[in-house]
Amino acid sequence: MSKTQSNVQIKKEWDIVGARQMGREKAKELGFGTVDQARIATAISELARNIYLYAETGTITYEIVGDLNKIGLKIIASDDGPGISDISSAMEDGFSTSGGLGAGLPGVKRLMDNFDIESEDGKGTTITAIKWVRN
Amino acid sequence: MSKTQSNVQIKKEWDIVGARQMGREKAKELGFGTVDQARIATAISELARNIYLYAETGTITYEIVGDLNKIGLKIIASDDGPGISDISSAMEDGFSTSGGLGAGLPGVKRLMDNFDIESEDGKGTTITAIKWVRN
Amino acid sequence: MGPFRFNSDNYRKLLERYIATEDESSLYQAEQFSKLSMQNNISPEEIINIHIQSLKELYPDLPKEIDSSLNFLLETMISYGLAYQEFQTLREKQGKLESEISVAANMQQTLLSTHKPEIVGLDIGAISVPANIMNGDYYHFVTDENGNLGIAIADVIGKGIPAALAMSMIKYSLDSFPETQRNPRVILENLNRVVERNVDTSMFITMFYGLFHAESNLLQFASAGHEPGFYYSAKKDEFFEIKTNGLVLGVTNDTTYEQFDIQMEKDDIVILLTDGVTECRVGERFIEPDEVLQVIRNYMHLPAQEAVERVYRHFEKLQDFQLRDDFTLIFLKK
Amino acid sequence: MGPFRFNSDNYRKLLERYIATEDESSLYQAEQFSKLSMQNNISPEEIINIHIQSLKELYPDLPKEIDSSLNFLLETMISYGLAYQEFQTLREKQGKLESEISVAANMQQTLLSTHKPEIVGLDIGAISVPANIMNGDYYHFVTDENGNLGIAIADVIGKGIPAALAMSMIKYSLDSFPETQRNPRVILENLNRVVERNVDTSMFITMFYGLFHAESNLLQFASAGHEPGFYYSAKKDEFFEIKTNGLVLGVTNDTTYEQFDIQMEKDDIVILLTDGVTECRVGERFIEPDEVLQVIRNYMHLPAQEAVERVYRHFEKLQDFQLRDDFTLIFLKK
Ligand SMILES: [Mn+2]
Ligand SMILES: [Mn+2]
Ligand SMILES: [Mn+2]
Ligand SMILES: [Mn+2]
């Protein structure tokens, strides 16, 4: 298993692909099945794309988490962008943030097991999501 | 092309399969693509299953219809069963008639291009649906 | 061919049989399998995965390109899986909302319900049926100590919840007018101000208000743009349209209404209605006024309540049991 | 890697590249492809079909078993395709319903709006914020010719559209009582009968009604099971709970209410509220009564309107901007 934390900078659209790839590799290493690997990659896609579109630059961080009983992959997407002024709207279905093309944040929440968002107007956004390996 | 009208009697569950098969063959002969063949078979399944479950016996009739410009397959499902007392409810999404397993009549309507229903309380039901070959 | 449990072994077995025989029976079972998997909240991308696993078990030497191609397909299904999950959430939400609306509709029915009074020498029939769950039509009877009868009939232009709220407003405003001041013209002028003040300009309310004097058999009335009713004169055996004029409620603050009257005689009938009766649609065409009167004529010899119910049932059937608009009909028979 | 049009050629090209390279970039584009196909209302079974066609073009000698297996997969996707189409219908329906509710909410706001009166020697602040779109809390001020102030504050137990309808009823009933008869006890007894007659037994309404006499500074009040407010005595620099008793509205027809009074003195404050204030939840725990009073104390030196707004903003933040219940707060400062 590689070191427990690593990250990918998001600056251009191409970096979204890099972030997905890193996530998929980590997921494979941890023993996630094909479907979950694809779900994790899609969630990262969404998060990285949000950074690219709205904050311009930011970071996707990968962390292996867990205890004796379970193990999982934590994805942290953080940026210093404009922040999300209305979080409860952004978490509503149908209120897509990627110009109608995305599954939006509710999609990320569905793809992963845990989901947390912190955002302050003008001070950026940090989204943390975990997926647990199914036994 | 075979004769323009034929039919399958529905008396037992096995007849549903026969009705689907006949429908799929007709559809293939008429030049429907694979997806439309599967849709027509599914619609017939639904109609035949309704007959089997609620009217016990009935008939699925196949008719080739059209004019110089278009050609299609007409499916007529008729029975002398108890009839549908509340047609508008039966045509509502989520009000499934096959014990939660079916796509119900709204499903048949979506799978086909034209849809018509006539039913009288205690006097049976006749459902007519047409699918047109896409050019 | 009985019911089977949802699991991937079943899928593999069905798939194997289908590949061997290409029979319709396996496809029928494929359909049953997919319905069952939907009942178990299995997403479409999981079906693709089950397909891949089954194929690998059946063909351990599956060409690498095929395996690879199926992974690609699985990837395209993830978004569809999300849509499928959103669908399930939405269906729950919709169910809740619908039950909320049906509670509100019940409440509205209680709130707006009116008691049909017994007036000596006047036979009253009234029916009001909503096209959807909530009724945007309204009628109301009120009597004073002298046995005079006030009759309101109204129609909100607009449907659903906003229309229901507007109707509650009309009801409570009407209730709040003192019993002694039941002059049709004045009532409409007061209501007009209430509506103008409280309701969005995009919502209009039409209303007819009548006051029947029990002793003199005089019906006084005024109308705020409401669908004209009919007066049947028994002596002439003829129907007359009840002509009025008057702006719908809520347009301007200072609208005034003109008051009219009809001297009712024995066996005469006053017929009040909303446009859900006269603009009844049969297929693509609207019904003709003469047809409406012919139907009324067929039943008007019956007791008033039975008559309005028969007329309603006639139009319900004519419209294939699918009302396009709320339907309200009142008969006042001398 | 720019945007591309939706067509099956694109799918084939992407698939071909992925089979050759197995690179993440193709999978990213697969995701984009599927989102685009969803925008074009392409059903999942059509994606399977595009996949089959692409594979046949890439491998004209595709093994018969593989072809056959994919047809089987396609068959299982037909039901999912139906669910997908139902989802689109439902989304439209939901959109309509939501806009209907928002129109109704706007109307409710207009209908229930109250004018905050200017009373010499009394500083009034009031705020009411719904947790969802429609407000199930209600407050109302009314003055008579002697400058006395009637204050109503109410909470429907129940949310959404039915609660909104119930509140309209309360508002119109209140409006219909003659101005001269503003005795709190009598008002609650009358309202109780209206609610009992008109509203389903599963819906309860709590209400506090107060009458402030401008000349004597006496506040008379009665409560129908409403959340107790607080009385701040400036002389003692202490808060007292405003103790009352009385059944919620609508339980039995003949409920009677006890009337209490408070003699207000200079700088005293009467604080009226709904349980959305006192039962404010922070994470998993309810806030303590002392914490509520501490927050009130922090802002009560401000002008009454500013004070209630500051208290609201404090609790809004504490609850992560997600109210669990409608929030209504009134300050009456001598
Ligand atoms: Mn209407
Ligand atoms: Mn109408
Ligand atoms: Mn409430
Ligand atoms: Mn409350």
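The preceding data block contains the structure.
These notes cover the structure that comes with them. All values reported here derive from a predicted model rather than from experimental measurement.

1. Some words on the packing of aromatic side chains
Residue and element names in this part refer to chain C.
At step 1: For the structure shown, the criterion picks out 21 aromatic pairs over all chains.
At step 2: Ring geometry for Phe-221 and Phe-260: centres 5.9 Å apart, planes at 25°, overall stacked. One end of the pair, Phe-221, is in strand S5 (residues 218-224); the other, Phe-260, is in strand S8 (residues 260-263), with 39 residues separating them in the sequence.
At step 3: With a relative accessible area of 3%, Phe-221 lands in the buried category.
At step 4: Overall, Phe-260 belongs to the partly exposed group, its relative accessible area being 22%.

2. Quick look at the coordination of the manganese ion (ligand 2)
Four donors placed tetrahedrally about a metal ideally form angles of 109.5 degrees, and six donors placed octahedrally ideally form angles of 90 or 180 degrees.
Residues and elements named next belong to chain C.
At step 1: In the first shell of the manganese ion (ligand 2), the protein supplies Asp-155 (OD), Asp-275 (OD) and Asp-325 (OD), at 2.1 to 2.2 Å from the metal.
At step 2: Read N to C, the donor residues that coordinate the manganese ion (ligand 2) are spaced as D-x119-D-x49-D.
At step 3: Between the manganese ion (ligand 2) and the manganese ion (ligand 1) the interatomic distance amounts to 3.5 Å, and Asp-155 serves as a bridging ligand to the pair. A residue pair is termed long-range when its members are at least 10 positions apart, and Asp-155 in strand S3 (residues 149-157) and Asp-325 in the loop between helix H9 (304-318) and strand S12 (327-333) qualify at 170 residues. This pair shows no difference in class: Asp-155 is buried, exactly as Asp-325 is.

3. Considerations on the side chain of Glu-316 of chain C
All names here are of chain C.
At step 1: Checked against the element boundaries, Glu-316 lands in helix H9.
At step 2: Buried within the structure, Glu-316 lacks any salt-bridge partner; Arg-313 is the closest side chain of opposite charge, at an N-O distance of 6.0 Å.
At step 3: Not counting chain neighbours up to four residues away, the residues in contact with Glu-316 comprise Phe-321 and Leu-323.

4. Re the interface of chain A and chain D
At step 1: Taken together, the contact pairs 17 residues of chain A with 11 residues of chain D.
At step 2: Summed over both sides, the interface between chain A and chain D buries roughly 1200 Å², with carbon and sulfur atoms accounting for 53% of that surface.
At step 3: In this structure, the connection of chain A to chain D is made through four salt bridges.
At step 4: Glu-46 of chain A is paired through a salt bridge with Lys-35 of chain D; the nearest N and O atoms lie 2.9 Å apart.
At step 5: Counting every contact that joins chain A to chain D gives eight residue pairs in polar contact (both at pLDDT 80 or more).

5. Points about the relation of the copies chain C and chain D
At step 1: For these two chains of identical sequence, chain C goes onto chain D by a turn of 180° and a shift of 0.1 Å along the axis, with RMSD 0.1 Å. The relationship between the two copies is best expressed as a two-fold rotation axis.
At step 2: When the interface residues of chain C are mapped onto chain D, 100% of them again fall at the interface, so both copies present the same face.

6. Points about the packing of helix H4 (residues 64-112) of chain C against helix H3 (residues 44-58) of chain D
At step 1: It is at 11 Å that the axes of H4 of chain C and H3 of chain D come closest, and there the two elements cross at 155°. One way to sum up the angle between H4 of chain C and H3 of chain D is to call them roughly antiparallel. Crossing hand, H4 of chain C versus H3 of chain D: right-handed. In this structure, H4 of chain C uses Ile-66, Ser-69, Leu-70, Leu-73, Thr-76, Met-77 and Tyr-80 of chain C to contact H3 of chain D, whose residues at the interface are Pro-44, Ile-47, Ile-48, His-51 and Leu-55 of chain D.
At step 2: A class-by-class count of the residues in the contact of H4 of chain C with H3 of chain D yields nine nonpolar, three polar and no charged.

7. Let's talk about the sheet that holds strand S3 (residues 71-79) of chain B
All names here are of chain B.
At step 1: Spatial strand order, S1-S2-S3-S5-S4: five strands in an open sheet with antiparallel pairing. Each edge of the open sheet carries a strand with a single partner, namely strand S1 (5-10) and strand S4 (114-120). Neighbouring strand axes in the sheet, compared pairwise and without regard to direction, differ in orientation by 15° on average.
At step 2: Across nine bridges, the pairing between strand S2 (residues 58-66) and S3 is antiparallel. Note that in S3 the partner of Glu-63 across the bridge is Lys-74.
At step 3: Most of the contacts of helix H1 (residues 13-30) go to S1, to which it runs at about 160°, and overall it touches S1, S2 and S3.
At step 4: Against the sheet, helix H2 (residues 34-55) makes contact with S1, S2, S3 and strand S5 (124-132), and its axis sits at roughly 10° relative to S3, the strand it touches most.

8. Observations concerning the arrangement of the chains
At step 1: The chain pair with the greatest number of contacts, out of five pairs of chains in contact, is formed by chains C and D.
At step 2: Of all C-alpha pairs spanning chain A and chain B, none lies closer than 20 Å, and the two are not in contact.

9. With respect to the nonpolar core
At step 1: Judged by nonpolar contacts, the single largest core of 127 residues is most densely connected at Ile-60 of chain A, Ile-60 of chain B, Ile-48 of chain C together with Ile-48 of chain D.
At step 2: Listed in part, the 76 residues of the second largest apolar core include Ala-164, Met-167 and Tyr-172 of chain C together with Met-169 of chain D.

10. Considerations on empty space enclosed by the protein
If you roll a probe as big as a water molecule over the atoms, it shows you where there is empty space left.
At step 1: Under the definition given, this model contains one cavity of 30 Å³ or more.
At step 2: For the largest cavity, the calculated volume is near 60 Å³.
At step 3: Lining of the largest cavity is provided by Pro-44, Tyr-80, Ala-83 and Tyr-84 of chain C together with Pro-44, Tyr-80, Ala-83, Tyr-84 and Phe-87 of chain D.
At step 4: Sorting the residues of the lining of the largest cavity by element identifies H4 of chain C together with helix H4 (64-112) of chain D as the ones contributing at least two each.
At step 5: Looking at the lining of the largest cavity element by element, the count peaks at four residues for H4 of chain D.
At step 6: Each residue belonging to the lining of the largest cavity can be placed in one class, and the counts come to nine nonpolar, no polar and no charged.

11. Regarding the pairing of strand S4 (residues 114-120) of chain A
At step 1: Residues of S4 of chain A alternate between two faces, with Phe-115, Ile-117 and Ser-119 of chain A buried on one and Asn-114, Asp-116, Glu-118 and Glu-120 of chain A left unburied on the opposite face.
At step 2: Where S4 of chain A hands over to strand S5 (residues 124-132) of chain A, the hairpin turn is made up of three residues, of which Gly-122 of chain A adopts a positive phi near 80°.

Each value, and the rule that gives it
- Residues numbered from 1 in each chain as written.
- Chains lettered and ligands numbered in written order.
- Predicted model: local features only at pLDDT ≥ 70, side-chain atom pairs only at ≥ 80, totals over all residues.
- Heavy atoms only, no water.
- Phe/Tyr/Trp six-rings, centres within 6.5 Å; stacked < 30°, edge-to-face > 60°.
- Helix = DSSP H or I, 4+ residues; strand = E, 2+ residues; numbered from the N terminus.
- Buried < 20%, exposed > 50% of the residue type's maximum accessible area, 1.4 Å probe, protein only.
- Donors = N, O, S within 2.8 Å, 3.2 Å for Na, K, Ca; no water.
- Lys, Arg positive; Asp, Glu negative; His and termini not counted.
- Salt bridge = Lys/Arg side-chain N within 4 Å of Asp/Glu carboxyl O.
- Contact = heavy atoms within 4.5 Å.
- Buried area = accessible area lost by both parts, 1.4 Å probe.
- Polar contact = N/O pair within 3.5 Å; in protein donor to acceptor, adjacent residues only side chain to side chain.
- Least-squares fit on C-alpha atoms with pLDDT ≥ 70 in both.
- Axes fitted to C-alpha atoms, helices over the stretch in contact; angles between N-to-C directions.
- Parallel < 35°, antiparallel > 145°, perpendicular 65-115°, else oblique.
- Left-handed = near helix turned anticlockwise from the far one by under 90°.
- Nonpolar A, V, L, I, M, F, W, Y, C, P; charged D, E, K, R; others polar.
- Pairing = 2+ DSSP bridges.
- Core = buried A, V, L, I, M, F, W, Y, C linked by side-chain atoms within 4.5 Å.
- 1 Å grid on protein atoms, 1.4 Å probe; cavity = no way out; pocket = protein on both sides within 12 Å on 5 of 7 lines; lining within 4 Å.
- Points joined across faces, edges and corners; volume = space filled by probe spheres on them.

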